Amino acid sequence: GSIVYLGMMVGAFFWGGLADKVGRRQSLLICMSVNGFFAFLSSFVQGYGFFLFCRLFSGFGIGGALPTVFSYFSEVLAREKRGEHLSWLCMFWMIGGIYASAMAWAIIPHYGWSFSMGSAYQFHSWRVFVIVCALPCVSSVVALTFMPESPRFLLEVGKHDEAWMILKQIHDTNMRARGQPEKVFTVNRIKTPKQIDELIEIESDTGTWYRRCFVRIRTELYGIWLTFMRCFNYPVKDNTIKLTVVWFTLSFGYYGLSVWFPDVIKHLQSDEYASRVKHFHNEEVSHFVFNFTLENQIHSNGQYINDRFIMMKFKSVTFEDSLFKNCVFEDITSLNTYFRNCTFVNTTFYNTDLEQYKFVDSELINCTFFHIRTGCQISFDDDYSAYWIYFVNFLGTLAVLPGNIVSALLMDRIGRLTMLGGSMVLSGISCFFLWFGTSESMMIGMLCLYNGLTISAWNSLDVITVELYPTDRRSTGFGFLNALCKAAAVLGNLIFGSLVGITKAIPILLASTVLVCGGLVGLRLPDTRTQVLM
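Remember, it's a predicted structure, so these values are computed and weren't measured experimentally.

A look at empty space enclosed by the protein
Then, number 1: Scanning the model with the defined rule gives one cavity of 30 Å³ or more in all.
Then, number 2: Its boundaries defined by the atoms lining it, the largest cavity holds a volume of some 30 Å³.
Then, number 3: Every residue lining the largest cavity is listed: Phe 261, Ser 430, Cys 431, Leu 434, Met 446, Leu 449 and Tyr 450.
Then, number 4: The leading source of residues in the lining of the largest cavity is helix α15 (residues 440-468), at three residues.
Then, number 5: Across the lining of the largest cavity, the residue classes break down as six nonpolar, one polar and no charged.

Below, the structure written as structure tokens:
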């Protein structure tokens, strides 16, 4: 998870800057192609290191999608409906989350979808899930090939004729939809800067191909850096600083608690499960055949002589200070099962998954092992709690649907600042209800409430960010803030994840404080509701 965030962090900054240099459509096409290629590749690779490499570059590609697509879409929207339509665009982040959660729930638990080609190549159901998650990216690349470039960007770089043709196409389409096809598109005046890259023109005449390539890459990277530095110049410097605070606090609180919620629910499940454990002391069993499931048990100081353990499942079973003499373990599948300080004498293990690490401080005397199975042998049917991972994730994603609809309908009515500040403050206040979360169902309810409240803040923040930057640095500014968002997410994951099971007070107070402070800073941003894009 962290390696993907790292890739997204670098990708957001790079592709956002590139979109201000080569165009929104071109940047989107390249970054989505990079994501799709490495996402597909990661589904088939077998080595863990190469898998992480593919996920890193997949994250690098997808990191550019958010800053670029918001700039792209905002630049073809009318001012009156800009906030609403950008909010509908935000909803597709949630729809993608629902799609991913539903696919994970539907695909990953089905172990029957696996196949292997010898011991060298394994293809399990989670790999199918990775492919399915890459399909929307492929469809996006195909669709983008039929889309025009942003006319506002073309005007910014002095390509007036191309911009005029695209604007005329938009105008004619809209007029036909209104039943007024006879209206003619006219432009009275165009005043835009024309940017010429003189260094590239000189090098294209004099350098070799690899020299030109090197100079081109160096110049583009330097251009991205210069554009980024201009985000801290007047008149956008104050806005950049305030947006930095709001993006960081919202990301830190949101992603931190998003990790903390499922882990706390899992911790509550573990505590409840542990409270129902059965203890058995000083058992003496001989010449007995065990052929049934043992679950959530602790056996201490037992003696098992000439016993057979046949076709069994051990789930969360611990044997302590026990003796196994002349026993047979055959066709055994285990989960969270350990033998601590036990002694095995003349015992045979055949077709089991009892690997060496499950014998903790135990002594094995004249024992034989045949056909030891390695890896995880438990299916989802055996470990039903694994379903909760997908179920909780699906509910949490679905809970943002009402907030998305409300924010889209009210964005242009009550304003971006009211929605941003109000949503973040309410989210911070809602954190205090976590004190009362003592059961799984209550924590899931709190998760849904929290996600539903914060989504309005995310939507309004996306809209404000797009509207506060001029065209020549819009994607760069958005990309920088999105990269900062991913850094805050990783930091939140580390800090909140380390506090699971230790204390509730620190995560609640920390999340509440940063969200409320961020919301108050957000209220100090200028209102962009009636503002024409710069």
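Moving on from the coordinates now.
Some details on the side chain of Ser 430
Then, number 1: Relative to the assigned elements, Ser 430 resides in helix α14 (residues 416-430).
Then, number 2: Those residues in contact with Ser 430, other than ones at most four positions away along the chain, are Leu 449, Tyr 450 and Leu 453.

Some points on the packing of aromatic side chains
Then, number 1: One pass over the structure, following the stated rule, counts 50 aromatic pairs.
Then, number 2: With 6.2 Å between their ring centres and 75° between their planes, Phe 314 and Phe 319 make a pair best called edge-to-face. By the burial criterion, Phe 314 is buried, and Phe 319 matches it.
Then, number 3: Considering the side-chain rings of Phe 324 and Phe 339, the 5.8 Å spacing of their centres and the 80° angle between planes classify their relative orientation as edge-to-face. Taken together, the positions of Phe 324 in strand β9 (residues 323-325) and Phe 339 in strand β11 (residues 338-340) put the pair 15 residues apart, joining distant regions of the chain.
Then, number 4: Taking the relative accessible area as the measure of exposure, Phe 324 reaches 0% and is therefore buried.
Then, number 5: Phe 339 gets classed as buried once you look at its relative accessible area, which sits at 0%.

Quick look at the state of the cysteines
Then, number 1: Taken as a whole and assessed by the stated rule, the structure comprises zero disulfides.
Then, number 2: Left unpaired, Cys 31 is separated from the closest cysteine sulfur, that of Cys 137, by 8.0 Å.
Then, number 3: Assessed through its relative accessible area of 4%, Cys 137 is described here as buried.

Things to note about the environment of Arg 152
Then, number 1: If you trace the backbone, Arg 152 turns up in helix α7 (residues 151-156).
Then, number 2: Arg 152 gets classed as partly exposed once you look at its relative accessible area, which sits at 27%.
Then, number 3: Separated by 320 residues in the primary sequence, Arg 152 and Asp 472 have C-alpha atoms spaced 9.5 Å apart.
Then, number 4: Those residues within four positions of Arg 152 in sequence are excluded, and the remaining contacts are Glu 75, Thr 471, Arg 474, Leu 533 and Met 534.

Side note on the side chain of Ser 362
Then, number 1: Its place among the elements puts Ser 362 in the loop between β14 (359-360) and β15 (363-365).
Then, number 2: Reaching out from Ser 362, the side chain makes a polar contact with the backbone oxygen of Phe 339 at a distance of 2.9 Å.
Then, number 3: Side-chain polar atoms of Ser 362 contact the backbone nitrogen of Cys 342, separated by 3.1 Å.

Side note on the pattern of salt bridges
Then, number 1: Taken as a whole and assessed by the stated rule, the structure comprises 12 salt bridges.
Then, number 2: Of the charged contacts, one joins Arg 79 and Glu 80 as a salt bridge, the two residues approaching to 3.9 Å between their closest N and O atoms.
Then, number 3: Taking the relative accessible area as the measure of exposure, Arg 79 reaches 36% and is therefore partly exposed.
Then, number 4: Looking at Glu 80, the relative accessible area reads 54%, which means it is exposed.
Then, number 5: For the salt bridge of Asp 412 with Arg 416, the shortest nitrogen-to-oxygen distance reads 2.8 Å.

Remarks on α14
Working note: α-helix, 3.6 residues per turn, so residues spaced by three or four point in the same direction.
Then, number 1: With 15 residues, α14 extends 21 Å between its outermost C-alpha atoms, agreeing within 8% with the 21 Å of an ideal straight helix rising 1.5 Å per residue.
Then, number 2: Where α14 is concerned, the buried positions are Arg 416, Leu 417, Met 419, Leu 420, Gly 421, Ser 423, Met 424, Ser 427, Gly 428 and Ser 430.

What to know about the sheet that holds β9
Then, number 1: Strands sit in the order β4-β7-β9-β12-β15 across an open sheet of five strands; the sheet is parallel. For this open sheet the edge positions go to β4 (284-286) and β15, each flanked by a neighbour on one side alone. Sheet twist, expressed as the average angle between the axes of neighbouring strands with direction ignored, equals 5°.
Then, number 2: Of the pairings in the sheet, the one linking strand β12 (residues 343-345) to β15 comprises three bridges and is parallel in character. For Phe 344, the partnering residue across the bridge sits in β15 and is Leu 364.

Regarding unusual backbone geometry
Then, number 1: The step from Tyr 234 to Pro 235 runs through a cis peptide bond, and the omega angle for that step is 10°.
Then, number 2: Examined against the element boundaries, Pro 235 turns out to sit in the loop between α10 (209-230) and α11 (237-275).
Then, number 3: The backbone of Asn 326 shows a phi angle near 55°, a positive value even though the residue is not glycine.
Then, number 4: Within the secondary structure, Asn 326 sits in the loop between β9 and β10 (328-335).
Then, number 5: Judged by relative accessible area, Asn 326 falls into the partly exposed class, the value being 33%.
Then, number 6: Of note, the phi angle at Asn 346 is positive, near 50°, even though the residue is not glycine.

Notes on the packing of α14 against helix α17 (residues 505-522)
Then, number 1: Axis separation between α14 and α17 bottoms out at 8 Å; the angle between their running directions is 165°. The angle between α14 and α17 places the two elements in the roughly antiparallel class. For α14 against α17, the interelement crossing comes out left-handed. Between α14 and α17, the contacting residues are Leu 417, Leu 420, Gly 421, Met 424, Val 425, Ser 427, Gly 428 and Ile 429 on the first element and Ser 512, Leu 515, Val 516, Gly 518, Gly 519 and Gly 522 on the second.
Then, number 2: Residue composition of the contact of α14 with α17, by class: seven nonpolar, seven polar and no charged.

Some remarks on the packing of helix α5 (residues 82-107) against helix α6 (residues 125-144)
Then, number 1: The N-to-C vectors of α5 and α6 enclose an angle of 155°; their axes lie 9 Å apart at closest approach. Considering the angle they form, α5 stands roughly antiparallel to α6. Crossing handedness for the pair α5 and α6: right-handed. Facing α5, whose interface residues are Tyr 99, Ala 100, Met 103, Ala 104 and Ile 107, α6 presents Ser 125, Val 128, Phe 129, Val 132, Cys 133 and Pro 136.
Then, number 2: Of the residues assigned to the contact of α5 with α6, the class counts are 10 nonpolar, one polar and no charged.

Reading the values: the criteria
Residues numbered from 1 in each chain as written. Predicted model: local features only at pLDDT ≥ 70, side-chain atom pairs only at ≥ 80, totals over all residues. Heavy atoms only, no water. 1 Å grid on protein atoms, 1.4 Å probe; cavity = no way out; pocket = protein on both sides within 12 Å on 5 of 7 lines; lining within 4 Å. Points joined across faces, edges and corners; volume = space filled by probe spheres on them. Helix = DSSP H or I, 4+ residues; strand = E, 2+ residues; numbered from the N terminus. Nonpolar A, V, L, I, M, F, W, Y, C, P; charged D, E, K, R; others polar. Contact = heavy atoms within 4.5 Å. Phe/Tyr/Trp six-rings, centres within 6.5 Å; stacked < 30°, edge-to-face > 60°. Buried < 20%, exposed > 50% of the residue type's maximum accessible area, 1.4 Å probe, protein only. Disulfide = S-S within 2.5 Å. Polar contact = N/O pair within 3.5 Å; in protein donor to acceptor, adjacent residues only side chain to side chain. Salt bridge = Lys/Arg side-chain N within 4 Å of Asp/Glu carboxyl O. Expected span 1.5 Å × (residues − 1). Pairing = 2+ DSSP bridges. Axes fitted to C-alpha atoms, helices over the stretch in contact; angles between N-to-C directions. Parallel < 35°, antiparallel > 145°, perpendicular 65-115°, else oblique. Left-handed = near helix turned anticlockwise from the far one by under 90°.

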